[in-house]
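Overview (structure and organization)
Here is how the chains run, residue by residue.
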Amino acid sequence: MGMSRPSRPVLFTAAATAGALVLTALVPGSATADPAPRPVTREGSPLGADRAAMAPQAAAERALGSPPAPGLADGRGRGYPRERKLDTPPENPADKSIKLGLTPYHGIAPKLNALQRLGDRVSVEIAGRSAGGHPLYLVTVTAPESAREAARQERMRERIENAPSAAAKDKAIKASYKTPVFINNNIHGNEWEGTDAALKLIERLARAKDAKSRSLLAHNRLYFNVTANPDGRIAGTRANANGFDLNRDFITASQPEARAIREIAAAKQPAVMLDLHGYVNGTLIEPTTPPHGENYEYDLFLKNSYANALGMEAAVNGLGYTREKDGVKPAVIPFRDQEEGWDDWPPIFTPQYLPFHGAVATHTIEFPMQVNNAAYESQPVAELRRRAAINVDIAGAAMRASVDYADRRRSSLIADQIEVFRRGATGAEQVPVSAETVPGVPGIGPEDVYTTTFPRAYVIPAGSSPGGRGQRSATAAARLVDHLLANDVRVERAAHRFRLGGKTYPKGSYVVDMHQPKRGLANVMLADGRDISDKVSTMYDISGWSLGRLWGASVDSVKRGDLDALRTREVRAAARVGYVAPRGDLRLRLDDPREIAAVNHLLAEGVSVRGGRDGSAIVSSSARRAAVEAARKYDVAFDATKAKGGAALHRTRVAAAVTPGELFALREMNFDVVPVSTAVLNSGFGWKGTDALFVSAGLDHDELNPAAKAGLERFLTKGGGLVGRGAAGAALNTGAKLLAVRPVEGNGDANGVVRVVNAGGTVTGGAPDHSFVYSPMWFTGLGSGVRVEQRYGTGDPLVSGHWRPLEDGGGGPASAAGRAAVVSGAARGADVVLFGTEPLFRDHPKGVFPQVGRALLKVGR
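Predicted model only: the values in this text are computed from it and were never measured.

1. Brief notes about the overall build of the protein
A count of helical and extended segments in the protein gives 29 helices and 35 strands. Here the protein holds 861 residues, and 61% of them are scored as buried. A separation threshold of at least 6 residues defines the contact pool for the protein, and within that pool the share at least 24 residues apart is 79%. Surface summary for the protein: the accessible area is close to 30600 Å², and the carbon and sulfur share equals 50%. Here the protein carries 107 positive and 91 negative side-chain charges, and the mean point of each set is 5 Å from the other.

Written as structure tokens, this is what we have:
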């Protein structure tokens, strides 16, 4: 995660003692500040200039169909230990861990089996499976508990979350609730060493006979996700088998590994959490620089995260490694030592997601000695193993220090966790950080103050009755509600029509009461977000997101109102909206990914489907049985229609040179996708059977050999379609001499939620009036026959995120305002659609997906 920036003007460091923070002077420019900078890595770029996403279809199918963590549910009602004999995977000599002298994935299960046999402290559960199908091992280390005691601990956990005001006064919680600590390892597959440090710590605790260890385990539960990314650990890749950076997936939770961690967060409710990474020298220990996530109770978070960081710093530096002897620089705490560049703004990272489930001290730890990427290939094995051993040692020191901190401060940690939930449940105002509200933390300034004003509620209006208008929003609303529920956000459904915030809503509308323990998580998902362009010069990753704006459902923020008068009931799942009109021809709106998936399902089944003028799909009444099956499977609604439709739609086979997130989104919409790249085309790609080419990454027209260029030319001039996104898509359009447009690239660091104006029709008809950009682009110099499908909003189109002009004053949101964001047209026999927005980004902005789906169906005819 992170990159360095100039040192903050704070001349303090600190050492931890058991009961106090001792502040000492820091010499400006000392070795504790400014680790070597790392470049920002954009999704897709690690694939290389000639490679596009190549995740196997089977991996995507496993991820899309992965059930929620059955192992954790199976453990309810049982005491500890919860021993489980793990199957041992076949030995894999190609496992990349072996070269480093670390534990290969196939060696983890035998170790865990042996550790469970050591005594009665170690339990292993299966938290889920990776995209590649590997079990995810969750290890719990604690003193034995009877089933009755485990149930009592669970009741206390639930009381902390659901009745925090009462929990704050509960003497039993203060006396006997076990503090949950969660250590997450190896979420980036080629940052290995946290796994081995965790295995060592688990063994140490399993064998310990001393009174301190017995007391520790009697008062705490320690949870270890041994490797969060088995696919990447084996392959030596940052990403999982689907090509996803899992430490960017926590708001979308598209991948099974992220969903497993989400389940752990909600079920175990950790107060302290570590996420082990590499490689920044010196060891980097959060808390972070500004900007700070505005939906946290940041005063409570900073108080604990900074104090724990000091203990970890002392433990890491106390190992005795030096720059001169070992190449190891002293540890760095970004909040203290850096100005900006390592922020905690987006909730997509593990330590920035866990606070919304009650963690009051969470940290990314970056151990120092690089062993991955170029170093893995260039360094001698002995040197790699030396470095890896140092990293394991440092990771272990950070873990032990955090466990000790949790044990020493367990009463105050749980009290602060209770206070997080109490503020949410009562609608209390946030407490801005300051020297007064967070005593003992040096250097707090106005640049650190980020708070928000929570609305009284959010309303997700219901669609109209079956067969009426509004079914698009009903499908999208159901998706959004189920996602909120999966994140442990409380949602209620109205039993009657009601009025709130000056607006009347129909029966069946959903209400998110913001007086709830996890209001921060609800708000971080549903709010518009914030434009922070003027707050910092650069951001490490995305700065804007909004499920309320980007997931296709209507979401209203209600600032104030009386919710007590509403007749609602809490829901466990969204109501099903699947429907097929009983008579007449049928219309399926294509405004949601599920609807695109349904129409592709029908086409694959041989059902005749025609395109409507508004971008919908028209199905004959004779195919009602097939429509019923699709409605049931994809939870979509087919309305009656008298429209006959236009041209027939065809099953679209897509050759896709795209990022991993885009490949996954295309498969989510049921397209038949064949990944391609410059290298694939140069090797002699067979275009037969391909209907459309989608290009956004990894395909460079200038790098194609003559035969590949000729094959692409034949495909396009004989009716093949092109959908292009961003610089790569626009460059291919130019190289192939298709649409007459001039693409203009905005600031490459820009990203966020933007206002757009849709032209309607087959591509953007019914689309949301917001979209997502990352390295935004727009089109000028539009030639004859070029149609503008979508424009950026006028004025300042940025709603939330970070988008600054370039040094010459261009490339900013003012330059994009009113410009064409999506264009289409026909040229040289090919239908073409070009996107300057990023509608499939990391499988995230669900409500914007259909623009690409419709474009592919349009050009693939």
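Continuing now.
2. Describing the pairing of strand β12 (residues 457–460)
Going residue by residue along β12, you find Ala-457 and Val-459 tucked away on one face and Tyr-458 and Ile-460 tucked away on the opposite face as well. Summarising the sheet, β12 and strand β17 (residues 556–558) pair through 3 bridges and their orientation is antiparallel. Note on β17: the bridge partner recorded for Val-459 is Asp-556.

3. Observations regarding helix α23 (residues 660–668)
Since there are 3.6 residues in each turn of an α-helix, residues three or four apart along the chain are aligned in direction. The element α23 is largely enclosed, with a buried count of 9 among its 9 residues. Taken together, the buried positions of α23 are Pro-660, Gly-661, Glu-662, Leu-663, Phe-664, Ala-665, Leu-666, Arg-667 and Glu-668. Within two residues after α23, Asn-670 carries a phi angle of roughly 75°, on the positive side.

4. A look at the environment of Gly-801
Checked against the element boundaries, Gly-801 lands in strand β33 (residues 798–802). Along the backbone, Gly-801 and His-844 are 43 residues apart, and their C-alpha atoms lie at a distance of 15 Å. When residues no more than four places from it in sequence are discounted, the contact partners of Gly-801 are Arg-530, Asp-531, Ile-532, Ser-533, Ser-543, Gly-544, Asn-751 and Gly-752.

5. Overview of unusual backbone geometry
Working note: non-glycine residues mostly have negative phi, and peptide bonds are mostly trans. Note the cis peptide between Gly-278 and Tyr-279, where omega equals 10°. With respect to the helices, strands and loops of the structure, Tyr-279 is situated in the loop between β7 (272–278) and β8 (284–285). In this model, Asn-281 is joined to Gly-282 through a cis peptide bond whose omega is 5°. Position of Gly-282 relative to the elements: it lies in the loop between β7 and β8. A positive phi angle, close to 50°, is found at Ala-253, a residue other than glycine. Within the secondary structure, Ala-253 sits in the loop between α9 (230–235) and α10 (256–268). Residue Ala-253 is classed as buried on the basis of its relative accessible area, which comes to 7%.

6. Quick word on the sheet that holds strand β13 (residues 492–494)
As summarised here, the arrangement of the 5 strands in space is β17-β12-β16-β13-β18, forming an open sheet in which the pairing is antiparallel. This sheet does not close on itself; its edge strands, each paired only once, are β17 and β18 (568–570). Going from strand to strand, the sheet's axes swing by 30° on average, the running direction of each strand aside. Here β12 pairs with strand β16 (residues 510–513) via 4 bridges, running antiparallel.

7. Description of the sheet that holds strand β19 (residues 579–580)
Ordered by their spatial adjacency, 5 strands build an open sheet running β19-β23-β20-β22-β21, and the pairing between neighbours is mixed. Only two strands of the sheet have a single partner each, and these edge strands are β19 and β21 (609–611). Across 3 bridges, the pairing between β21 and strand β22 (residues 617–619) is antiparallel. Residue pairing in the sheet places Gly-611 in a bridge with Ala-617 of β22.

8. Quick notes on the layout of surface pockets
Using a probe with the size of a water molecule, rolled over the atoms, empty space left in the structure can be pinpointed. Considered as a void within the structure, the largest pocket measures approximately 1200 Å³ in volume. Lining the largest pocket are 43 residues, and of these Leu-64, Gly-65, Arg-479, Arg-594 and Glu-668 lie nearest its centre. At the level of secondary structure, the elements contributing two or more residues to the lining of the largest pocket comprise α1 (57–64), α10, α18 (471–486), α21 (593–604), α22 (624–634) and α23. Classifying every residue of the lining of the largest pocket by side-chain character gives 17 nonpolar, 9 polar and 17 charged.

9. Some points on the environment of Val-833
Examined against the element boundaries, Val-833 turns out to sit in strand β35 (residues 830–835). By relative accessible area, which is 0% here, Val-833 ends up buried. Look past the residues within four positions of Val-833 in its chain and what remains in contact with it is Leu-722, Val-723, Gly-724, Val-763, Val-822, Val-823, Ser-824, Ala-855, Lys-858 and Val-859.

10. A closer look at the nonpolar core
With 156 residues, the main nonpolar core has Leu-112 and Tyr-137 as its most contacted residues. For this core, the element with the most residues is helix α16 (residues 381–408), which contributes 13 residues. Contact partners of Leu-112, with chain neighbours within four places excluded, come to Leu-86, Val-124, Tyr-137, Val-139, Leu-199 and Val-226. One finds Val-580, Leu-602, Val-619 and Ala-821 within the second-largest nonpolar core, a separate group that totals 59 residues.

Parameters and conventions
Residues numbered from 1 in each chain as written. Predicted model: local features only at pLDDT ≥ 70, side-chain atom pairs only at ≥ 80, totals over all residues. Heavy atoms only, no water. Helix = DSSP H or I, 4+ residues; strand = E, 2+ residues; numbered from the N terminus. Buried < 20%, exposed > 50% of the residue type's maximum accessible area, 1.4 Å probe, protein only. Contact = heavy atoms within 4.5 Å. Areas by Shrake-Rupley, 256 points an atom, 1.4 Å probe, with all protein chains shown as cover. Lys, Arg positive; Asp, Glu negative; His and termini not counted. Charge placed at Lys NZ, Arg CZ, Asp CG, Glu CD. Pairing = 2+ DSSP bridges. Axes fitted to C-alpha atoms, helices over the stretch in contact; angles between N-to-C directions. 1 Å grid on protein atoms, 1.4 Å probe; cavity = no way out; pocket = protein on both sides within 12 Å on 5 of 7 lines; lining within 4 Å. Points joined across faces, edges and corners; volume = space filled by probe spheres on them. Nonpolar A, V, L, I, M, F, W, Y, C, P; charged D, E, K, R; others polar. Core = buried A, V, L, I, M, F, W, Y, C linked by side-chain atoms within 4.5 Å.

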